[in-house]
Amino acid sequence: MTAPSLTRKHVFLRALPIMGANIASPLVGLVDLAVIGRTADTQAIAAVALGGLVFNVFFWSVAFLRMGATALTAQADGREDEGEVRAVLWRAGLIGVAIGLVLLVAQWPLKAGAFALFDSPEDVETLGRAYVDARLWGAPAAFAGFAVYGWLIGLGLTGRALILQAVLNLTNAGLSVLFVLGFDMGVAGVGAASAAAQWLHLLAAGVLIMLILRHRGAAPASALFDGTAIRRLLSVNRDIFLRTLALLAGFTWFNIASLREGADVLAGNAILMQYISICAFFLDAFAHVTEAETGRAAGAKNWKRLLRAFRLTSELALGFSIALSLGFLLLGDQFIMMMTTDEATRATARSFLIWCALTPLLGMPSWQLDGLMIGATQGPLMRNAMIAALVIYLALDAVLRPAFGAHGLWLAFLAYYVARAGTLMVGWPSLKRSFDA
């Protein structure tokens, strides 16, 4: 199908539903906590929170499925290769189901390792395991859902992605109320509701996919088993997976370094990181559109379209990042006061407010370049750039934190974003050569 002309309005309308889906995603965990919070004690609430953290370890590790599906779908669509558009969905979906089944089979040692990351009381861990045990049965559907979400973004059907997210949240909320309040299943009921919601969500996705494919051209089933395409999908997913691990290592080190500066610094930074997460809801939307539009341009070998896509999405992302930075400078104190009543934590968070406010502005180029390189499937570059940026960050932290204390911690963290953008820019000439070739 011929790609529509690119305008700022087109980019914004693509990004808007992704913002809605990003904002809605945390609601699954919030609903779980709210339902159990109405019926149980502190240990049960803590158990659901702990179980959610453990489950997120598994989820983050498989996020590469979404990115790989977006890039390869957009490229196939740019080439007007209908067979490959369909095949990417089925291949990525089957890989997601397979990973989910492996997780179910190997769940005992994986759970032991995941729970070992968190130092929690025995009674809370016992209940947390009950939550994870129940929720894990939804993993194959959840991971296949990543592929579907990426496929929809790759085709520019972001409104449909928002619809599926709404289906997931509403179904999860209804089942949580039924299992906990109706069937009195407690913490395990909350996990079971999330698992069942994932399968119903995948069923709804199947119906939506049938409706979408009905209006697209036919394609041979043999495309699904193309060896070269399968190897490329696995290679792209491997590189994005390693890149994601390096990214998580950087954020994990920030928390470890915060704790080393004192419990008050860790608490204050935890509040500020919530604002950075909110910023990501908005800026990630433009990065996702960048993935799809630059991927479509890469598939068509259209360098001018890639440059235009990157420029338009970056202009809008820059506007939002400026607004987010200014907003936190003006309203950050009110945000901190809303998030905590502890005066020591408030005071610590306020002292780092300026650094947090700069994060959207300094981080935007790295988010946008990530989207560009994912869309163009520059896997080795993304992997190597993230590892290099991590090394730069750790080196700067080793120098700046002893010299400037907790402020040095933030300076190194901001430099981490700049390093991510800088190391990705190193690959720009080779990306241009790949288009010329």
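Placed above this text is the structure.
Procedures and definitions
- Residues numbered from 1 in each chain as written.
- Predicted model: local features only at pLDDT ≥ 70, side-chain atom pairs only at ≥ 80, totals over all residues.
- Heavy atoms only, no water.
- Helix = DSSP H or I, 4+ residues; strand = E, 2+ residues; numbered from the N terminus.
- Rg over C-alpha atoms; globule rule 2.2 N^0.38 Å.
- Buried < 20%, exposed > 50% of the residue type's maximum accessible area, 1.4 Å probe, protein only.
- Contact = heavy atoms within 4.5 Å.
- Areas by Shrake-Rupley, 256 points an atom, 1.4 Å probe, with all protein chains shown as cover.
- Lys, Arg positive; Asp, Glu negative; His and termini not counted.
- Charge placed at Lys NZ, Arg CZ, Asp CG, Glu CD.
- Phe/Tyr/Trp six-rings, centres within 6.5 Å; stacked < 30°, edge-to-face > 60°.
- Lys NZ or Arg CZ within 6 Å of the ring centre and 35° of its normal.
- Expected span 1.5 Å × (residues − 1).
- Bend = angle between axes of the 7 residues up to and from the residue.
- Polar contact = N/O pair within 3.5 Å; in protein donor to acceptor, adjacent residues only side chain to side chain.

(A) Layout of the overall build of the chain. Across its full length, the chain holds 18 helices and zero strands. Taking 437 residues into account, the globule formula puts the C-alpha radius of gyration at 22 Å, and the chain, at 22 Å, falls close to it. Taking the principal axes of the C-alpha coordinates as reference, the chain spans close to 60 × 55 × 40 Å. Across the 437 residues of the chain, 54% fall into the buried class. Considering only contacts within the chain whose residues lie at least 6 apart along the sequence, 84% involve residues at least 24 apart. Here the chain displays about 18,400 Å² of accessible surface, and carbon together with sulfur accounts for 70% of that area. Across the chain, the centroid of the 32 positively charged side chains sits 12 Å from that of the 27 negatively charged ones.

(B) Quick look at the side chain of E84. With respect to the helices and strands, the residue E84 is situated in helix α5 (residues 82-105). E84 has contacts with A76, R79, R91 and A229, leaving out every residue within four places of it along the chain.

(C) Here's a closer look at the packing of aromatic side chains. Enumeration over the complete set of coordinates arrives at 21 aromatic pairs. Their ring planes at 65° and their centres at 6.3 Å tell us that Y393 and F413 sit as a pair that is edge-to-face. Placement of the pair is Y393 in helix α16 (residues 379-404) and F413 in helix α17 (residues 406-425), with a sequence separation of 20 residues. Considered together, Y393 and F413 belong to a single accessibility category, that of buried residues. Taken together, the aromatic side chains of F251, F254, W367, Y393, W410, F413, Y416 and Y417 make up a single cluster linked through ring pairs. Across from the ring centre of F435, 5.7 Å away, lies the NZ or CZ of K301, which sits over that ring. Sitting over the face of the ring of Y416, R420 holds its NZ or CZ atom 5.9 Å from the ring centroid.

(D) Spatial organisation of helix α13 (residues 303-339). Along its 37 residues, α13 runs just 46 Å from first to last C-alpha, ending more than 12% under the 54 Å computed at 1.5 Å per residue. Approximately 70° is the largest bend angle found in α13, and it occurs at L331. N-capping of α13 is provided by N302, with a side-chain oxygen placed 3.4 Å from the backbone N of K304.

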